[in-house]
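Read off the chains here:
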Amino acid sequence: EEEERLRNKIRADHEKALEEAKEKLKKSRDEIQAEIQTEKNKVVQELKKKDSKPLPPVPLPNLIGINSGEPADPDIREKRNKVKEMMKHAWDNYRQYGWGHNELKPIARKGHSTNIFGNSQMGATIVDALDTLYIMGLHDEFREGQEWIDKNLDFSVNSEVSVFEVNIRFIGGLLAAYYLSGQEVFKIKAVQLAGKLLPAFNTPTGIPWAMVNLKSGVGRNWGWASAGSSILAEFGTLHMEFVHLSYLTGDPVYYNKVMHIRKLLQKMDRPNGLYPNYLNPRTGRWGQHHTSVGGLGDSFYEYLLKAWLMSDKMDTEARKMYDDAIEAIEKHLIRKSNGGLTFIGEWKNGHLERKMGHLTCFAGGMFALGADGSRDDKAGHYLQLGAEIAHTCHESYDRTTLKLGPEAFKFDGGVEAVAVRQNEKYYILRPEVIETYWYMWRFTHDPKYRQWGWEATQAIDKYCRVSGGFSGVKDVYSSSPTYDDVQQSFFLAETLKYLYLLFSNDDLLPLDNWVFNTEAHPLPVLHLANTTLSGNPAYR
Ligand code: DMJ
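All values derive from a computational prediction rather than experimental measurement.

**Student:** Any chance you could explain the state of the cysteines here in plain terms?
**Tutor:** A covalent bond between the sulfur atoms of two cysteines is what we call a disulfide. Enumeration according to the criterion identifies 1 disulfide in this entry. Paired through a disulfide, Cys361 and Cys393 show a sulfur-sulfur distance of 2.1 Å. What sets the handedness of the Cys361 and Cys393 disulfide is the S-S torsion sign, and at about -95 degrees it is left-handed. One end of the pair, Cys361, is in the loop between strand E12 (355–357) and helix H13 (362–371); the other, Cys393, is in helix H14 (residues 379–398), and 32 residues separate them in sequence. Accessibility assignment for this pair places Cys361 and Cys393 in one class, buried.

**Student:** Any chance you could explain the site of the ligand here in plain terms?
**Tutor:** Near the ligand, the surroundings consist of Ile168, Arg169, Leu359, Arg430, Pro431, Glu432, Phe490, Glu494, Thr518 and Glu519. A distance of 2.6 Å separates an oxygen atom of the ligand from a polar atom in the side chain of Glu432. For the ligand, an oxygen atom lies 2.8 Å from a polar atom in the side chain of Thr518. At the level of elements, helix H6 (163–181) and helix H17 (489–502) are the ones that each hand at least two residues to the shell around the ligand.

**Student:** What should I look at first to understand helix H4 (residues 124–135) in this one?
**Tutor:** The element H4 is largely enclosed, with a buried count of 12 among its 12 residues. Turning to H4, its buried residues are Ala124, Thr125, Ile126, Val127, Asp128, Ala129, Leu130, Asp131, Thr132, Leu133, Tyr134 and Ile135. Of the residues one or two after H4, Gly137 is the one with positive phi, at around 75 degrees.

**Student:** Can you help me understand the UniProt feature "binding site: Ca(2+)" (unreviewed entry) in the protein in this one?
**Tutor:** UniProt's feature table lists "binding site: Ca(2+)" (unreviewed entry) at Thr518, given in the numbering used throughout. The topology assignment puts Thr518 in the loop between strand E16 (514–516) and strand E17 (522–524). Discounting residues that sit within four places of it in the chain, Thr518 has contacts with Ile168, Thr237, Ser299, Glu302, Tyr303 and Glu494. Separated by 2.9 Å, the side chains of Thr518 and Glu302 make a polar contact.

**Student:** What should I look at first to understand the layout of surface pockets in this one?
**Tutor:** Using a probe with the size of a water molecule, rolled over the atoms, empty space left in the structure can be pinpointed. Its boundaries defined by the atoms lining it, the second largest pocket holds a volume of some 360 Å³. Together, 20 residues line the second largest pocket, and Leu309, Lys313, Asp372, Leu511 and Asp512 are the ones closest to its centre. Residues that form the lining of the second largest pocket fall into these classes: 15 nonpolar, 1 polar and 4 charged.

**Student:** Is there a simple way to think about the packing of helix H9 (residues 239–249) against helix H11 (residues 298–310) in this case?
**Tutor:** Packed helices, taken two at a time, are described by the angle between their axes plus the distance between the axes. Closest axis-to-axis distance for the H9/H11 pair is 9 Å, and the angle between their directions is 30 degrees. Considering the angle they form, H9 stands roughly parallel to H11. Residues His239, Met240, Glu241, Val243 and His244 of H9 form the contact with H11, whose participating residues are Tyr303, Lys306, Ala307 and Met310. Here the residues of the contact of H9 with H11 sort into 5 nonpolar, 2 polar and 2 charged.

**Student:** Quick question: what am I supposed to make of the pattern of salt bridges here?
**Tutor:** In a structure, side chains of opposite charge can pair up when their charged atoms sit close to one another. Enumeration over the complete set of coordinates arrives at 33 salt bridges. A salt bridge links Arg262 to Asp315; the shortest N-O distance between them is 2.8 Å. Of this pair, Arg262 sits in helix H10 (residues 253–267) while Asp315 sits in the loop between H11 and helix H12 (316–332); the two residues are 53 residues apart in sequence, bridging distant segments of the chain. Among the residues examined, Asp315 registers a relative accessible area of 16% and is labelled buried. Among the ionic contacts, a cluster of salt bridges with common partners joins Lys82, Glu85, Asp461 and Arg465.

**Student:** What exactly am I supposed to notice about the packing of aromatic side chains here?
**Tutor:** Aromatic rings in a pair are described by how distant their centres are and how their planes are angled relative to each other. By the definition in use, this model includes 26 aromatic pairs. Note on Trp438 and Tyr439: the rings are 4.8 Å apart at their centroids and 50 degrees apart in plane angle, and the pair reads as tilted. Summarising the burial analysis for this pair, Trp438 and Tyr439 share the class buried. Here the aromatic rings of Trp438 and Phe516 are separated by 5.1 Å at their centres, their planes lie at 65 degrees, and the arrangement is edge-to-face.

Calculation notes
- Residues numbered from 1 in each chain as written.
- Predicted model: local features only at pLDDT ≥ 70, side-chain atom pairs only at ≥ 80, totals over all residues.
- Heavy atoms only, no water.
- Disulfide = S-S within 2.5 Å.
- Helix = DSSP H or I, 4+ residues; strand = E, 2+ residues; numbered from the N terminus.
- Buried < 20%, exposed > 50% of the residue type's maximum accessible area, 1.4 Å probe, protein only.
- Near = heavy atom within 4 Å.
- Polar contact = N/O pair within 3.5 Å; in protein donor to acceptor, adjacent residues only side chain to side chain.
- UniProt positions renumbered as here; feature names shortened; annotations may be inferred.
- Contact = heavy atoms within 4.5 Å.
- 1 Å grid on protein atoms, 1.4 Å probe; cavity = no way out; pocket = protein on both sides within 12 Å on 5 of 7 lines; lining within 4 Å.
- Points joined across faces, edges and corners; volume = space filled by probe spheres on them.
- Nonpolar A, V, L, I, M, F, W, Y, C, P; charged D, E, K, R; others polar.
- Axes fitted to C-alpha atoms, helices over the stretch in contact; angles between N-to-C directions.
- Parallel < 35°, antiparallel > 145°, perpendicular 65-115°, else oblique.
- Salt bridge = Lys/Arg side-chain N within 4 Å of Asp/Glu carboxyl O.
- Phe/Tyr/Trp six-rings, centres within 6.5 Å; stacked < 30°, edge-to-face > 60°.

Laid out in structure tokens, this is it:
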């Protein structure tokens, strides 16, 4: 019977083909040629599509866990309210004296900016603060920020900006605001801005320039970076945002750019298994062999881990690169001081510099976050390593007069977790130590992390607060410190957000559903198999 059915089908197909051939013969030469051309075009289009490997179209993920996270314990609630009050103080003063400028000078009470934001007023503090305002329930302030963005945020300006900073603060901030609030304006602005960054990738290797002019698209590198190099922590900290951009637009261009960077890095030799901080975008060769888990290297490692987490653990290539990298880091850069403090040093010109930066302190949280799923099931080991880094960084705070951590501290001859050089004694409202307390709190619920976070909150409020906002201080060992008169935008994006989360319940932005970019902007895990557009009460 089956044979009979097949024979009939073949006969029918044959007849159909004959009919089609007859039809074709009736057509004019021109008509046939036009048809061939159409077919050719289709094939070219298909090939192009294949070449650029589009991401599968998927609906918005189920956004679970943007509840208020209000703690039951009145003491913790009071602490959380204090952090919210500090956010209000920072925001209100920026609103009053710096509105529209990138940052605030809280003592001079006027706007402030640095070269990373270019020469135009892009409201960096507004964009960076939005999601913190949102989760704290500061809805009026959030709306004001949204209105400013809607009316004033314009990227067609003749201004040269840092690709990395604009990505982590602006694109990250806009995307998080979009996912939390559902307001289209944030998505539209994020995509517009991303388009302006794309020309930075026009280099012989596809490794982007550090800076790009938003109007002309001309890119270049920092003058100080090893022989015209791009920086690992800059071109290696685009992945999360760019994958989300492709996901939201259906346009694979962003995804392709960052995957190209990854593939290129994967192919390169790594001295001692370590990634140097500098890579020349013209030649594709490493610059100086400096390796750091602090400035210039830090968030590259963070984004390998977070690419895996953000993909719902599907991107195993990223996880492997992370595992390989931290194995080499542990072997070559992590040591114990004479006094028993675990620290992460820097590799410079063939030797280990026994110095750790405030920036490096984020790694405690990263090790804890990466513990689950680690190679050879070393989860306990990495959680312990995270705890040790948290302890060391707490010591760096505790051994100062102001109980605020210095920019860098040494572990050399008698000196332990203390800054030695005058120009390393400043604290500029950085978040990394508090970030690590928060991750450790989420994974262990050891009350000491809340205690340490509270110490830092009090110290910031006592020594960095001025009537016009919050300022960095120049020397954490001096009892009469001078101010640097800058309220950094990351203070609102990160420092205050991590403190607020530390004193909130875990159901506010649970880590199973959200991954924080390096500027603490939460982006949802793309649970591709478990997605829904509506019907989730937590969404909006
Ligand atoms: C922030 O912009 C980000 O956390 C970045 O990854 C490192 N530096 C600052 C905060 O210190």
